[in-house]
Structure formats: structure tokens, C-alpha cells
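Spelled out from the first residue to the last, the chains are:
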Amino acid sequence: MVKLSTLDVRTGIGTGPWHARGEEAVRESGAAFTFIQAAGFMSNALDWSESIRRDGVLRSSTGGGKIAFIHPDDIAAVATAALATRDHDGEALVITGREALSYGEMAAAIGRAIGRPVGFQEISDRRAYADAVQWAGKGPYVDALVDIWRAVRESRLETMTDGVKRVTGREPIPFAQRAAENAASLQ
């Protein structure tokens, strides 16, 4: 069994405690397993598309903190390797993107991909919470998101590993490539 989990299991940040309970249930099942403890997903950058299209700005409470977002194809490649072999049974594979970037650096990369500047505007945790409630509703998920954004701001999620290369034999896909792949959705 391969379970997509989160790097936050190791830190207890955000959704980490929920995934930790899932990992424990898998361990207790007795089934052979591999956990993929991934950093934040590059796919989440699509959530920024509305404010980028409308205002040319990415708004976040992450400040100058950095995170090594991972491309969905890297997650899939690691999961495929774990499913196709028994090489990683019993392991928790920690995988991250190629480089830790601030949200401001990611905004600039998106701007280069779409051919116009994209700014970064830091907002408060309170505003981030209110904005997230607009699309996710009140509850523990929004609390977890704000916790993650705070951890990024406080430089607690800058972890980078060689997990993708160790498992697949290649470097992780850079954020700039993901931005280019999704340029039409971000314009």
C-alpha cells in the first residue's frame, strides 16, 4: 500500500496530525506500506489564479518564508516506483521540490511564465483566515491552512530533500516549469 501523506507529519503542523493518524492506522493494519511524505503541492498555486488574473497579485500571510513545493508529476513518479517495486516497503519517503522559494519568488516566476509582472502582497493571518473561509468554509481545515502559512512565514517549512532523485534517479521538476505549464490558467 502506498499512502500519500505530508511532510507535516514530522512537525505536527497543519494537516500533519490527521495524516499521522492515517499512517498509524496503516502501520497497525499489518499491510506492507510506503508513505510518501510530500512538501506542499505546486498544484496549489492554481488557487492563486483569480487574484493574479484580476489584480496581478499573489496575496499570502507567508511573508518571506520559503517552502519547496513539489510538482504533481514528481509525486506520481515516486508513488509509481513505490508501487512497482518492494524497494521502499516500510519507509516514509520525504519528498520536496528542487528549491525552497518564497511566495514572492513564486509570484515572480509566474509573472515570467505569463509575460507580465505578478506582485506579492503580504496579508495578516486574520485576513488569510477570512479569505480561506470564503472558499473552504469555517472549520479545522482553514485553521490548518493558516497554521501552515504561519509555519512558512516563520521559516519552519524550508525542508529540502533528495527524495525524488533517490527514488526516481532524476531531479525534481522546478517551480518555473509548473508555472509555464499552467500559464494559460494564470493569465
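Each chain has its residues counted from 1, following the order in which its sequence is written. At least 70 in pLDDT is required for a residue's local features to be given in this predicted model, at least 80 for side-chain atom pairs to be given and counted, and no such filter applies to totals for whole chains, interfaces and linings, which use all residues. The side-chain figures draw on all heavy atoms in the structure; neither hydrogens nor water molecules are used.

## Observations concerning the overall build of the protein chain
Scanning the protein chain from N- to C-terminus turns up nine helices and seven strands. Taken over C-alpha atoms, the radius of gyration is set against a globule rule of 2.2 Å times the number of residues to the power 0.38. Since a compact globule built from 187 residues should have a radius of gyration of about 16 Å, the 17 Å found for the protein chain is in line with a globular shape. Projected onto the principal axes, the alpha-carbon positions of the protein chain cover approximately 50 × 35 × 25 Å. Relative accessibility decides the category of a residue: with a 1.4 Å probe and only protein chains considered, values under 20% of the type maximum give buried, values over 50% give exposed, and everything between is partly exposed. Counting across all 187 residues of the protein chain, residues that qualify as buried make up 45%. Here Asp and Glu are counted as negative and Lys and Arg as positive; His is not counted, and neither are the chain ends. To locate a charge, take atom NZ for lysine, CZ for arginine, CG for aspartate or CD for glutamate. Mean positive and mean negative side-chain charge positions of the protein chain (22 and 24 charges, respectively) differ by 4 Å. In DSSP terms, a helix is any run of H or I states spanning at least four residues, a strand is any run of E spanning at least two, and both are numbered starting from the N terminus.

## What to know about the environment of D73
Inspection of the secondary structure assignment puts D73 in helix α3 (residues 72-84). Assessed through its relative accessible area of 44%, D73 is described here as partly exposed. For the pair formed by D73 and M42, sequence separation is 31 residues and the distance between their alpha carbons is 10.0 Å. By the convention used here, residues are in contact when the closest approach between their heavy atoms is within 4.5 Å. When near neighbours in sequence (up to four residues on either side) are disregarded, D73 contacts R170 and I173.

## What to know about the sheet that holds strand β5 (residues 92-95)
The three strands are arranged β1-β2-β5 in an open sheet whose pairing can be described as parallel. Edge positions in the open sheet fall to β1 (2-6) and β5, since each of these has one partner strand only. Neighbouring strand axes in the sheet, compared pairwise and without regard to direction, differ in orientation by 25 degrees on average. Inspection of the sheet shows strand β2 (residues 34-38) paired to β5 by four bridges, in the parallel sense. Note that in β5 the partner of F35 across the bridge is A92. Orientation is described by lines fitted to C-alpha atoms, with helices fitted over the stretch in contact, and by angles between N-to-C directions that extend from 0 to 180 degrees. Helix-sheet contacts for α3 involve β1, β2 and β5, and the interaxial angle to β2 is about 170 degrees. DSSP calls a pair of strands paired once it identifies at least 2 bridges connecting them.

## Side note on empty space enclosed by the protein
Cavities and pockets were defined on a 1 Å grid built over protein atoms only: a cavity is a set of grid points that admits a 1.4 Å probe from which the probe cannot escape, a pocket is an open set flanked by protein on both sides within 12 Å along at least five of seven lines, and lining residues are those with an atom within 4 Å of any such point. Grid points are joined across faces, edges and corners, and a volume is the space filled by probe spheres set on the points. Going through the model one piece at a time under the given rule, you end up with two cavities of 30 Å³ or more. In this structure, the largest cavity encloses a volume near 50 Å³. Examining the composition of the lining of the largest cavity, we find that three residues originate from one element, helix α8 (residues 175-181), more than from any other. Throughout, the ten residues Ala, Val, Leu, Ile, Met, Phe, Trp, Tyr, Cys and Pro are labelled nonpolar, Asp, Glu, Lys and Arg are labelled charged, and all others, Gly among them, are labelled polar. Looking at the lining of the largest cavity, its residues break down into seven nonpolar, one polar and one charged. Taken as a whole, the second largest cavity holds about 30 Å³ of empty space. Every residue along the wall of the second largest cavity is listed here: M42, I67, F69, R98, E99, L101, P174 and F175. For the lining of the second largest cavity, the residue count by class is six nonpolar, no polar and two charged.

## Quick notes on the pairing of β2
Burial analysis of β2 places five of its five residues in the buried class, which makes it a mostly covered element. Neither face of β2 is exposed, since T34, I36 and A38 on one face and F35 and Q37 on the opposite face are all buried. The sheet contact formed by β1 and β2 spans five bridges and is parallel. Opposite V2, over in β2, you have T34 as the bridge partner. Running through helix α1 (residues 16-29), the crossover from β1 to the neighbouring parallel element β2 is right-handed. A clockwise course of the path from the first strand over the helix to the second, judged with the strands pointing away from the viewer, identifies a crossover as right-handed.

Interpretation note: all reported values are geometric properties and have no functional meaning in isolation.
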